[in-house]
Amino acid sequence: MQIVSPLERSAITSSDRVLFEIQRAIVEGDIAAGCKISEPELAKRFNVSRAPLREALARLERCHLIERIPNAGARVVTLSPEGLISLYQIREELEGLACRLAAEQMPESEIDELRQLLDKHLETQRVREGESYYQEAGDLDFHYRIILGSKNQYLINMLCDELYYLVRMYRVQMGMNGPRVSRAFDEHKAIINAIANRDGELADLLMRRHIGASRKNIELRLQTEKETS
């Protein structure tokens, strides 16, 4: 079976374009978490007609970036400790499994490319100095590449499509800077070393610990923001 990346699945239509633009705006906080969705405002801002906009909004709802509330309309999801815990419980289990499968299935060429990707991440000054570890979506994202390396299309659909941008929303807005930057990079190196050594059990364990530590870091930031707001 040919493995297909969700980000490469279809040609770019008007609906695709506005989907990607709104998706990025939500993930990076340009459209704030919890804010109400106004179709007229979005149509004007992204220069799109209402039909493709509505299609894009329906797709954003399916990937959990917006939610429809009875008698209140659509809103961007909020980032909450409860949502974080539920989402990251799934991440720990499924990305651990992805690492286990990648240790069995990932070709040496893809492992080498993943090592090169980490080298490129380290070339970024803010990563070297432990300030920020921002990763672009898709093939420049360490986690995304490992999930693809599992060669399991069902797992890829769940983690790289349905849940990917909600996870990125937490990671980008809450988890890519601060004291965990250097540790997170070192954890990435340890995970890829385990995959390269074909030690799926260790790779699974290291990924679970890595995501668990990330969850605790984001949970602390959410609690701090709540206390200071």
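Residues numbered from 1 in each chain as written. Predicted model: local features only at pLDDT ≥ 70, side-chain atom pairs only at ≥ 80, totals over all residues. Heavy atoms only, no water.

Under an unreviewed UniProt entry, the protein chain has the name GntR family transcriptional regulator and belongs to Idiomarina ramblicola.

## A word on the overall build of the protein chain
Just so we agree on the cut-off: Here a helix means four or more residues in a row that DSSP labels H or I, a strand means two or more in a row labelled E, and each is numbered from the N terminus. Here's how the labels work: a residue is buried when its accessible area is under 20% of the maximum for its type, exposed when over 50%, partly exposed in between, all with a 1.4 Å probe on protein chains only. Throughout, a contact is declared for two residues whenever any of their heavy atoms are within 4.5 Å.
Looking only at helices and strands, the protein chain has 11 helices and two strands in total. Starting at the N terminus and ending at the C terminus, the protein chain contains elements arranged as α-α-α-β-β-α-α-α-α-α-α-α-α. Scored against the burial criterion, the 229 residues of the protein chain give a buried share of 46%. The long-range share in the protein chain, meaning contacts at least 24 apart out of those at least 6 apart in sequence, stands at 77%.

## What to know about the packing of helix H5 (residues 108-123) against helix H7 (residues 142-149)
Put simply, the rule reads: Think of each axis as a best-fit line through the C-alpha atoms, taken over the contacting stretch in the case of a helix, with angles from 0 to 180 degrees between the N-to-C directions. Angle categories: roughly parallel below 35 degrees, roughly antiparallel above 145, roughly perpendicular from 65 to 115, and oblique for all the rest. For this classification, the nonpolar set comprises Ala, Val, Leu, Ile, Met, Phe, Trp, Tyr, Cys and Pro, the charged set comprises Asp, Glu, Lys and Arg, and every other residue, Gly included, is treated as polar.
Relative to each other, H5 and H7 sit at 175°, their axes nearing to 11 Å. Taken together, the axes of H5 and H7 lie roughly antiparallel to each other. Contacts between H5 and H7 involve Glu 110, Glu 113, Leu 114, Leu 117, Leu 118 and His 121 from the former and Phe 142, Arg 145, Ile 146 and Gly 149 from the latter. Classifying every residue of the contact of H5 with H7 gives five nonpolar, two polar and three charged.

## A closer look at the pairing of strand S2 (residues 73-76)
Defined as follows: Any two strands with at least two DSSP bridges between them are considered paired.
Here strand S1 (residues 66-69) runs beside S2; their pairing, made up of four bridges, is antiparallel. Its bridge partner being in S2, Ile 69 is matched across the sheet by Gly 73. Counting the residues that bridge the hairpin from S1 to S2 gives three residues, and of these Asn 71 lies at a positive phi of roughly 65°.

## Side note on unusual backbone geometry
Among all residues except glycine, the phi angle is most often negative; among peptide bonds, the trans geometry is most common. Phi angles above zero are rare outside glycine, and Asn 47 is one such case at about 55°. Of note, Asn 47 is situated in the loop between helix H2 (39-45) and helix H3 (50-62). The backbone phi angle of Asn 71 is positive, close to 65°, even though this residue is not glycine. In this structure Asn 71 comes out as exposed when scored by relative accessible area, which is 89%.

## Quick notes on the packing of aromatic side chains
Aromatic ring pairs are reported here in terms of the distance separating the ring centres and the angle at which the planes meet. Our working rule: Aromatic rings from Phe, Tyr and Trp, with only the six-membered ring used for Trp, were paired whenever their centres fell within 6.5 Å, and each pair was classed as stacked if the ring planes differed by under 30 degrees, edge-to-face if by over 60, and tilted otherwise.
For the structure shown, the criterion picks out three aromatic pairs. Ring geometry for Tyr 88 and Tyr 170: centres 6.5 Å apart, planes at 75°, overall edge-to-face. Residue Tyr 88 is found in helix H4 (residues 81-105), and its partner Tyr 170 is found in helix H9 (residues 164-175); the two are separated by 82 residues along the sequence. Judged by its relative accessible area of 3%, Tyr 170 is buried. Taking the centre distance of 5.0 Å and the plane angle of 85° together, the rings of Tyr 164 and Tyr 165 count as edge-to-face. Taken together, the aromatic side chains of Tyr 144, Tyr 164 and Tyr 165 make up a single cluster linked through ring pairs.

## What about the pattern of salt bridges?
The line we're drawing: Definition used for salt bridges: Asp or Glu carboxyl oxygen within 4 Å of a side-chain nitrogen of Lys or Arg.
Across all of its chains, the model carries 18 salt bridges by this definition. Asp 186 is the salt-bridge partner of Lys 189, the closest N and O atoms lying 3.9 Å from each other. Linking Lys 189 with Asp 186, this pair stays in helix H10 (residues 181-196), spanning three residues, or about one helical turn. What makes Asp 186 partly exposed here is its relative accessible area of 43%. Here the salt bridges share partners, and the residues they tie into one network are Glu 93, Arg 100, Asp 204 and Arg 208.

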